[in-house]
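Close look at the chain arrangement
Residues per chain are reported as follows:
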Amino acid sequence: MPLPDFDSAVGHSFGLEVDSVIIKQITEVSGLKMEQDVIEYKSNTADGKFFVRKAPGAPKAGEVTLTRGLTADNSFERWIKDCRFGKMGDARKGGAIIVFDYEGFPIKRYKLMNAWAKSLEISSLKAGDTSVLTEKLVITYESMEVE
């Protein structure tokens, strides 16, 4: 029996797709998760023994942080500006986090519903520093589906 091919499961690069535009220069994605509440039912059996049963509750909204090298592209800034000035009709978007394999083909998509930019952080600016400048965008979303 041949061993399974795990190479395609390695995230070589990541992208953000919003409004059919893909930004492929994402270097890190953190905090991406699906979560829901847990409802506990506490009861007694007919013979008097106590037990707890758990059931799934309402899904929780989430937040994901995207990091990329600082570029001339100002799409992150435009998106957060729409949110800051209350244009939520324009700011809430459907999008996806895409994981690409080593050949650039998408291997997984995490669809975000009603997502909007919560914050944008630029890395420290130091004269003489040779490290790459980055920007971190925090996106909040109401629900997520995995494709």
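Counting of residues starts from 1 at the beginning of each chain's written sequence and follows it residue by residue. Residues qualify for local features only when their pLDDT is at least 70, as the model is predicted, and side-chain atom pairs are given and counted only at 80 or more; totals for whole chains, interfaces and linings, by contrast, use all residues. Excluding hydrogens and water, the side-chain figures rest on all heavy atoms present in the structure.

**Digging into a nonpolar patch on the surface**
Judged by side-chain polarity, Leu-70, Ile-122, Leu-125 and Leu-133 come together as a nonpolar surface patch covering roughly 340 Å² of accessible area. Numbering goes from the N terminus for both helices and strands, where a helix is a DSSP run of H or I of at least four residues and a strand is a run of E of at least two. Within the secondary structure, Leu-70 sits in the loop between β5 (62-69) and α1 (75-84). What makes a patch is a set of residues exposed beyond 30% relative accessible area and free of salt bridges, joined within 9 Å when like-charged and within 5 Å when nonpolar (Val, Leu, Ile, Met, Phe, Trp, Tyr). Surface accessibility in these figures is a Shrake-Rupley result with a 1.4 Å probe; residues are shielded only by whichever protein chains are displayed. Any carboxyl oxygen of Asp or Glu within 4 Å of a side-chain nitrogen of Lys or Arg constitutes a salt bridge here.

**A word on the pattern of salt bridges**
Evaluation of the coordinates by the stated rule reveals twelve salt bridges. With a shortest N-O distance of 2.5 Å, Arg-109 and Glu-17 are connected by a salt bridge. Of the two residues, Arg-109 is situated in strand β7 (residues 106-122) and Glu-17 in strand β1 (residues 13-18); the sequence distance between them amounts to 92 residues. With relative accessibility at 24%, the residue Arg-109 sits in the partly exposed group. Buried, partly exposed and exposed residues are distinguished by accessible area as a fraction of the type maximum, computed with a 1.4 Å probe on protein chains only: under 20%, between the cut-offs, and over 50%, respectively. Under the relative-accessibility criterion, Glu-17 is labelled buried at 18%. Beyond isolated ion pairs, a larger network of salt bridges with shared partners links Glu-17, Arg-109, Lys-111 and Glu-147.

**Some words on the pairing of β1**
Regular strands have side chains that alternate between both faces of the sheet. With five of its six residues buried, β1 lies for the most part within the structure. Bridge count for β1 against strand β6 (residues 93-100) is six bridges, and the pairing is antiparallel. Residue pairing for β6: Val-18 is matched across the bridge by Gly-95. Sheet topology places β1 next to strand β2 (residues 21-30); four bridges connect them, and they run antiparallel. Each bridged residue has a counterpart across the sheet, and for Val-18 the counterpart in β2 is Val-21. The rule for pairing is simple: two strands pair if DSSP sees at least two bridges between them. Adjacent in sequence and paired antiparallel, β1 and β2 are bridged by two residues, among which Asp-19 carries a positive phi angle near 55°.

**Quick word on the nonpolar core**
Side-chain atoms within 4.5 Å are what join buried Ala, Val, Leu, Ile, Met, Phe, Trp, Tyr and Cys residues into a set we call a nonpolar core. Core analysis: the largest hydrophobic core is formed by 21 residues, its most contacted members being Leu-16, Leu-66, Trp-79, Leu-112 and Ile-139. For this core, the elements supplying multiple residues, two or more each, are β1, β2, β5, α1, β6, β7 and β8 (134-141). A per-element tally of this core places α1 first, with four residues. With residues near it in sequence (within four places) discarded, Trp-79 still touches Leu-16, Val-18, Ala-91, Lys-93, Ala-115, Trp-116, Ala-117, Leu-137 and Ile-139. In this description, contact between two residues means that some pair of their heavy atoms is separated by no more than 4.5 Å.

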